[in-house]
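# Working through the structure, step by step
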Amino acid sequence: MNRDSLKWLLASTFKGISQVILIENAISGFIILAAITIASVSLGAVTLLSAVIGTLIGKIGGADGESVNHGLYGYNSVLTGMALSLFLSGDDRFFIALVGAAIASVFTAAMIHFMRRTGIPVLTFPFIVLTWFLLLTTYRLVSFKISPNLTPQSLSNWTLNIKGETDWLDGAVNGIGQIFFLDNNLSGVLLFIAVFWAGWRLGVYAIIGNAAALLTSYGLGAEHHLIFMGLYGYNAILTMIAVAIVFKENAKYPLITGIIAACLTVPIAGSVVTWLLPYGLPALTMPFVLCTWLFLAARKVMPRF
Amino acid sequence: MNRDSLKWLLASTFKGISQVILIENAISGFIILAAITIASVSLGAVTLLSAVIGTLIGKIGGADGESVNHGLYGYNSVLTGMALSLFLSGDDRFFIALVGAAIASVFTAAMIHFMRRTGIPVLTFPFIVLTWFLLLTTYRLVSFKISPNLTPQSLSNWTLNIKGETDWLDGAVNGIGQIFFLDNNLSGVLLFIAVFWAGWRLGVYAIIGNAAALLTSYGLGAEHHLIFMGLYGYNAILTMIAVAIVFKENAKYPLITGIIAACLTVPIAGSVVTWLLPYGLPALTMPFVLCTWLFLAARKVMPRF
Amino acid sequence: MNRDSLKWLLASTFKGISQVILIENAISGFIILAAITIASVSLGAVTLLSAVIGTLIGKIGGADGESVNHGLYGYNSVLTGMALSLFLSGDDRFFIALVGAAIASVFTAAMIHFMRRTGIPVLTFPFIVLTWFLLLTTYRLVSFKISPNLTPQSLSNWTLNIKGETDWLDGAVNGIGQIFFLDNNLSGVLLFIAVFWAGWRLGVYAIIGNAAALLTSYGLGAEHHLIFMGLYGYNAILTMIAVAIVFKENAKYPLITGIIAACLTVPIAGSVVTWLLPYGLPALTMPFVLCTWLFLAARKVMPRF
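Keep in mind that what you see is a predicted model, and the values were worked out from it rather than measured.

Criteria and cut-off values
In this numbering scheme, every chain counts its residues from 1 along its sequence in written order. Whichever chain is written first is A, and whichever ligand is written first is 1; the rest continue in order. Reporting in this predicted model follows two pLDDT cut-offs: at least 70 for local features of residues, and 80 or more for side-chain atom pairs to be given and counted; totals over whole chains, interfaces and linings ignore these cut-offs and use all residues. Excluding hydrogens and water, the side-chain values take into account all heavy atoms of the structure. Going along the chain from the N terminus, every DSSP run of H or I of four or more residues is numbered as a helix, and every run of E of two or more is numbered as a strand. The globule rule is 2.2 Å times the number of residues to the power 0.38, and the radius of gyration it is compared with is taken over C-alpha atoms. Categorising residues by exposure relies on relative accessible area from a 1.4 Å probe, with only protein chains included: less than 20% of the type maximum marks a residue as buried, more than 50% marks it as exposed, and the intermediate range marks it as partly exposed. Any two residues whose heavy atoms approach within 4.5 Å at even a single point are treated as in contact. Working definition of accessibility: Shrake-Rupley area with a 1.4 Å probe, residue cover restricted to the visible protein chains. In this tally, Lys and Arg are treated as positive and Asp and Glu as negative; His is ignored, and so are the chain termini. Charged side chains are reduced to one point each, which is NZ for Lys, CZ for Arg, CG for Asp and CD for Glu. Overlaid copies result from least-squares superposition on C-alpha atoms, with residues included only where pLDDT is at least 70 in both. A quick way to say it: buried area is the sum, across both parts, of accessible area lost when two parts are put together, with a 1.4 Å probe. In what follows, salt bridge is the name for a side-chain nitrogen of Lys or Arg lying within 4 Å of a carboxyl oxygen of Asp or Glu. Two N or O atoms count as a polar contact when they lie within 3.5 Å, although within protein this holds only if one can serve as hydrogen donor and the other as acceptor, and sequence-adjacent residues are included solely when both atoms are side-chain atoms. Note on method: axes are straight lines fitted to C-alpha atoms, helices fitted across the in-contact stretch only, with angles between N-to-C directions ranging 0 to 180 degrees. Here the word oblique covers every angle except those under 35 degrees (roughly parallel), over 145 (roughly antiparallel) and from 65 to 115 (roughly perpendicular). As a working rule, the residues Ala, Val, Leu, Ile, Met, Phe, Trp, Tyr, Cys and Pro are called nonpolar, Asp, Glu, Lys and Arg charged, and the rest polar, with Gly in that last group. We call Phe, Tyr and Trp rings a pair once their centres come within 6.5 Å, taking the six-membered ring for Trp, and we label the pair stacked below 30 degrees between planes, edge-to-face above 60, and tilted otherwise. Ring-over charges, as used throughout, are those where CZ of Arg or NZ of Lys falls within 6 Å of the ring centre and within 35 degrees of the ring normal. Multiplying one less than the number of residues by 1.5 Å gives the expected span of a helix. How sure the predictor is of each residue is captured by pLDDT, a score from 0 to 100. Two joining distances apply to patches: 9 Å for like charges and 5 Å for nonpolar side chains (Val, Leu, Ile, Met, Phe, Trp, Tyr), and every residue must have over 30% relative accessible area and no salt bridge.

Our focus in this paragraph is the overall build of chain A. The helix and strand inventory of chain A stands at 14 helices and two strands. In summary, chain A has a C-alpha radius of gyration of 18 Å against a globular reference of 19 Å for 305 residues, a match within 12%. If one aligns the C-alpha atoms of chain A with their principal axes, the spans along those axes are about 55 × 50 × 40 Å. Taking all 305 residues of chain A together, 62% fall into the buried category. The long-range fraction of contacts in chain A, counting pairs at least 24 apart against all pairs at least 6 apart in sequence, stands at 72%. Surface summary for chain A: the accessible area is close to 11200 Å², and the carbon and sulfur share equals 65%. Within chain A, the 12 negative side-chain charges are centred at a point lying 11 Å from the centre of the 16 positive side-chain charges.

Below you can see the structure in the form of structure tokens.
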């Protein structure tokens, strides 16, 4: 491997990491990796390796070169690798996570093909569905072991209890952290720096999106500990950035549409979690994907929004 | 707002109401609104407001003018508004219903985009999925309260008991009423008038569709009280009108295909209800959508049917 | 019916039977029918009639003549007829199975339309979804009776116990048998003959695919009695043939990709079965369909794989 290839691989890999938050910026990707690594070194290693694997699969498979360079074959691998290493248990989980990262890249290619004619981006759909599938596999294959935190539950036995402490400062920082499954404040601050580095507008909109979700979820009466752990915020941040900036096309009121979309991720998240309750699966970024697809597809028909 | 705009808004709104049964006719829409209002004034108000909201969202968003005029951005809003105000409880439900009506219009636009190249109509898919999502949200947000009639149930605890009175006269009128969540006979008669007003063939086919479903569901042994409340009939009526009249294209035997499709809605309805049992959700018009998509898409490949 | 029509009908029908394993060869179809008939005469009759019905529906409906001749309207009908006659109980089940075979042909046409622009084949998706729907209907219509082997179960009560005898010889033959719901060895041998008749490469790849699944499922720790009954093998065989031979296009490493895909059907099968547990439904060939779609769609974007 010569120096140019290495440079290309590093740039594409770090861009792959930054693409998780819809940004194409190698420095931002590097700061994100730092934010993950200070929370857990092994998680940082999985992140880096997953991004490399995803990018290489795209390259070896002969995918469109520019897409590979932009990190578009990396971000689903990053998230899949991270999620599997966190939601599985046992020593094999790091190996399974990296195999999952490879499949995520193939799945991304498949979804790019299926959605090409719609003009709607794939987002993190491959990561979500693949992770759900591999987590459910634990019920049938002994070498896959699910984390004890994920327990299936019948909806008929479910009761909602929203009480819990309110900690707005935590909520302000944790939303962005949860995009990467992190809930420590320092990582959250670093992630904000990564976003601001790529553009002040991205950072400001991320804050607005998170605030919209905090207020909506608090106002509609969601569980407090989920709100302030950032579990309603991360989908709103991603949705805000996607709808109001990255894919805004010729919309007349992208900021307003973005805020509405960010608020709507809250009931969607509540609903996705309920669908998944009998399977004990986490919602991951499905609320972001559904809400963003809704608004981006509608925009093709209602171009002013 | 000048007189012309008001006239336009009223025409589009009433057409939106009539589009629920695949008809574009403002007078029919008005009669339908009357049928709903005599059953419940508040439900009538929700219907009217939802249709207005859906139409205005289409207009403001810059959707294709003709589609807006034909009421195509109204009918999913009408159904969503009605369903949410009926299946939620608490005072906030009317407000949630109207917000739902607005989102339904955006969702309709999104689905129009996704399905455009297939040449298959969106039907009431946006209403169904949106309503399901917002109803499930009640399990996570205290300000959304679900009606106590909707209770999740494990399929392993389910036992089928079909016994109950047979009342063919009720069955004859209730099918059309259930399209609008109504089960009183007078409303049913008014709805038939609305359909016949738009064309005698529509009315006759609606009766045939309903009869096909009554006989099929009775013959296959469905629960009697569901049959005669019209809960197997409404999907068949809509399917019959869609397959045999509205989207019949160059089919050689549209009436026969329509009757077969109407009969097939019965097992599909039984199945959709079973899928939803663990979540306690109503089938809404999903059997109609699935069955109509099946036959309309097949017709593109088997043009004689 | 003159002699030419009869010859055409027989050829298309037997090709329809062979298309279940992605082969277009009337003699292979005839051998497969023999393999089924020696296991059960009534099942053989259902197979033959279902294939005839599916083909005729395609012809009468005016579908593209070449597709009908190649048996593309037969194979989903064959599988639906077989599955319904096996998974339902009661005397009506044969009649329901043949009606199901007719609908399967219509459903195939619909899916061909929906997937046309993607360039991805429909595979057995119509059979799977239709069979699931008709099986769930049993919970609502007394004239549909489900086999007592299919019982819904809550995921929270599920415990995995993989112990059981290991019988590699059974495993070697049963995988191909399970494609047609058969688990006797003689039928398995006949099916291999049918595949080899159509081409030695098809036969060799089928054996490789099955071996890949046996080793993967054993290595990952699946339930032994399922492995050696061939319940992990059949999806792998179909996937191998589809990915490495039938739809290989210009791939550079079709054999390697095929083996990877065959191995991946194992965790996918474990996952599909888990999704279906609360409904008590069998996975059928869904793991094959999902895994093959994944790789074929990815291949459009990553042409080397």
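We now examine the relation of the copies chain B and chain A. Superposing chain B onto chain A requires a rotation of 120 degrees together with a translation of 0.0 Å along the rotation axis, leaving an RMSD of 0.0 Å. This pairing of chains is accounted for by a three-fold axis. Closest approach to the rotation axis within chain B is made by the C-alpha atom of Ser154 of chain B, at a distance of 4.4 Å. Taken together, the interface assignments show that only 8% of the residues at the interface of chain B recur at the interface of chain A, consistent with different surfaces on the two copies.

Attention shifts here to the interface of chain B and chain A. Taken together, the contacts link 37 residues of chain B with 40 residues of chain A. Each partner contributes to the roughly 3200 Å² buried at the junction of chain B and chain A, and carbon and sulfur atoms together form 72% of this total. When residues of chain B are sorted by the area they lose upon contact with chain A, Phe133, Arg140 and Tyr279 of chain B head the list and together hold 24% of the total. Joining chain B to chain A, the criterion identifies one salt bridge. Salt-bridge contacts for Glu223 of chain A lead to Arg140 of chain B; the nearest nitrogen and oxygen are separated by 2.8 Å. At the junction of chain B with chain A, the criterion picks out 13 residue pairs in polar contact (both at pLDDT 80 or more).

What follows covers the packing of helix H9 (residues 185–198) of chain A against helix H10 (residues 200–220) of chain A. Residues and elements named next belong to chain A. Packing of H9 against H10 leaves a shortest axis separation of 5 Å and a crossing angle of 135 degrees. On the basis of the axis angle, H9 is oblique to H10. Contact residues: Phe192, Val195, Phe196 and Ala198 in H9; Trp200, Leu202, Gly203, Val204, Ala206 and Ile207 in H10. A per-class count over the contact of H9 with H10 returns nine nonpolar, one polar and no charged.

Let us now look at the packing of aromatic side chains. One pass over the full model with this rule turns up 30 aromatic pairs over all chains. Taking the centre distance of 6.0 Å and the plane angle of 85 degrees together, the rings of Phe87 of chain B and Phe181 of chain B count as edge-to-face. With Phe87 of chain B in helix H5 (residues 75–87) and Phe181 of chain B in the loop between helix H8 (168–178) and helix H9 (185–198), this pair connects stretches of sequence that are 94 residues apart. Of the aromatic side chains, those joined through ring pairs into one cluster are Phe87, Phe127 and Phe181 of chain A. The ring of Trp8 of chain B is capped by Lys59 of chain B, whose NZ or CZ atom sits 4.8 Å from the centre of that ring.

What follows deals with the interface of chain C and chain B. At the interface, 37 residues of chain C touch 40 residues of chain B. Interface of chain C and chain B: buried area, both sides summed, is about 3200 Å²; carbon and sulfur atoms make up 72% of it. Among the residues chain C hides against chain B, the three largest losses belong to Phe133, Arg140 and Tyr279 of chain C. Together they make up 24% of the total. For the pair chain C and chain B, the number of links is one salt bridge. Counting across the interface, chain C meets chain B through 13 residue pairs in polar contact (both at pLDDT 80 or more). For the side of chain C that touches chain B, the secondary structure elements donating two or more residues are helix H3 (41–61), helix H6 (93–115) and helix H7 (125–136) of chain C. At nine residues, the largest contribution of residues to the side of chain C that touches chain B is made by H6 of chain C. Per-class residue counts for the side of chain C that touches chain B are 24 nonpolar, eight polar and five charged.

Take helix H5 (residues 75–87) of chain C next. Between its first and last C-alpha, H5 of chain C extends 18 Å over 13 residues, near the 18 Å set by a 1.5 Å rise per residue. Three or more residues of H5 of chain C are buried, namely Tyr75, Asn76, Ser77, Val78, Leu79, Thr80, Gly81, Met82, Ala83, Leu84, Ser85 and Phe87 of chain C.

Our next topic: the confidence of the model for chain A. Mean pLDDT over chain A stands at 96; residues scoring 70 or higher make up 100%. Listed scores for the predicted complex are pTM 0.97 and ipTM 0.96.

Right, let's talk about the environment of Met111 of chain C for a bit. Residues and elements named next belong to chain C. Its location among the elements puts Met111 in helix H6. Taking relative accessible area as the criterion, Met111 reaches 10% and is therefore assigned buried. Each C-alpha atom of the pair Met111 and Phe125 lies 8.3 Å from the other, and the pair is 14 residues apart in sequence. Residues in contact with Met111, not counting those within four places in the same chain, are Val122, Phe125 and Pro126.

Each copy of the chain is related to the other by a rotation around an axis and a translation along that axis. Each copy of the sequence occupies a distinct position, and chain C is placed on chain B by a rotation of 120 degrees and an axial shift of 0.0 Å, giving an RMSD of 0.0 Å. Taken as a fraction of all interface residues of chain C, those also at the interface in chain B reach only 8%, which identifies the copy contact as different-surface.

Attention shifts here to the pattern of salt bridges. Residues and elements named next belong to chain B. Under the definition given, this model contains nine salt bridges over all chains. In this structure, the salt-bridge partner of Lys15 is Glu24, at a minimum N-O distance of 3.6 Å. Given the relative accessible area of 21%, Lys15 is considered partly exposed. Look at Glu24 and you get partly exposed, because its relative accessible area is 38%.

Turning to the side chain of Thr216 of chain B, a few remarks are in order. Residues and elements named next belong to chain B. Residue placement: Thr216 occurs in helix H10 (residues 200–220). Residue Thr216 is classed as buried on the basis of its relative accessible area, which comes to 16%. Every residue in contact with Thr216, bar those within four places of it in the chain, is listed here: Cys263 and Val266.

This part is about a nonpolar patch on the surface. All names here are of chain A. A contiguous nonpolar surface patch, about 360 Å² in accessible area, is contributed by Ile38, Leu186, Val189 and Ile193. Per element, the largest residue contribution to the nonpolar patch is three residues, and it comes from H9. With respect to the helices, strands and loops of the structure, Leu186 is situated in helix H9.

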